[in-house]
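# Residue-level structure breakdown
The lines below spell out each chain.
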Amino acid sequence: MYDFMSVVKFNDKYFEYGDEVAVTKKDDSVVVGSIIIEDAEGNETTYWTLYLDISEKYHKKTIFIRKDDIKNIQKVNE
């Protein structure tokens, strides 16, 4: 039996649901959060957008970042 895993790929690096990342945007601002592949309401990361949970503790504060606005993504706890 196989389990399929949804991942996000950026600059030949793969990121999974729940990975804590620091996203550097093209304006040099940094956003820290955990990657959401899809949530219960059907919001999801797509080819064009990155969906992040930026809340400190389960407060469902989320944002979308357009792929074209991303300069770099790094895992925080690697």
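It should be noted that the structure appears before, not after, this text.
On a predicted model such as this, the values are computed, not experimentally measured, just so you know.

Reading across from one edge, β6-β5-β4-β3-β7 is the order of the five strands in this open sheet, with antiparallel pairing throughout. Strand pairing shows two members of the sheet lacking a second neighbour, β6 (62-66) and β7 (70-75), which therefore form its edges. Taking each pair of neighbouring strands and ignoring which way they run, the sheet shows an average axis angle of 40°. Two elements, strand β5 (residues 49-53) and β6, share five bridges in a ladder whose sense is antiparallel. Across the sheet, Y51 pairs through a bridge with F64, a residue of β6.

On to the pairing of strand β3 (residues 20-25), then. Here β3 runs beside strand β4 (residues 30-35); their pairing, made up of five bridges, is antiparallel. Residue pairing in the sheet places E20 in a bridge with S34 of β4. In this antiparallel pair of consecutive strands, β3 and β4, the connection spans four residues, and D28 shows a positive phi of 70°. Sheet analysis places β3 next to β7, joined by five bridges and oriented antiparallel. Bridging from a neighbouring strand, V21 pairs with K75 of β7.

Time to look at the nonpolar core. The biggest cluster of nonpolar side chains holds 13 residues, and the ones touching the most others in it are V23, I35, L50, L52 and I73. Only β1 (7-10), β3, β4, β5 and β7 provide two or more residues apiece to this core. Residues contacting I35, with those up to four places away along its chain left out, are V8, F15, E16, Y17, G18, D19, V21, L50, Y51 and L52.

Rules behind the numbers
Residues numbered from 1 in each chain as written. Predicted model: local features only at pLDDT ≥ 70, side-chain atom pairs only at ≥ 80, totals over all residues. Heavy atoms only, no water. Pairing = 2+ DSSP bridges. Helix = DSSP H or I, 4+ residues; strand = E, 2+ residues; numbered from the N terminus. Axes fitted to C-alpha atoms, helices over the stretch in contact; angles between N-to-C directions. Core = buried A, V, L, I, M, F, W, Y, C linked by side-chain atoms within 4.5 Å. Buried < 20%, exposed > 50% of the residue type's maximum accessible area, 1.4 Å probe, protein only. Contact = heavy atoms within 4.5 Å.

Any functional reading would require information beyond the geometric quantities listed.
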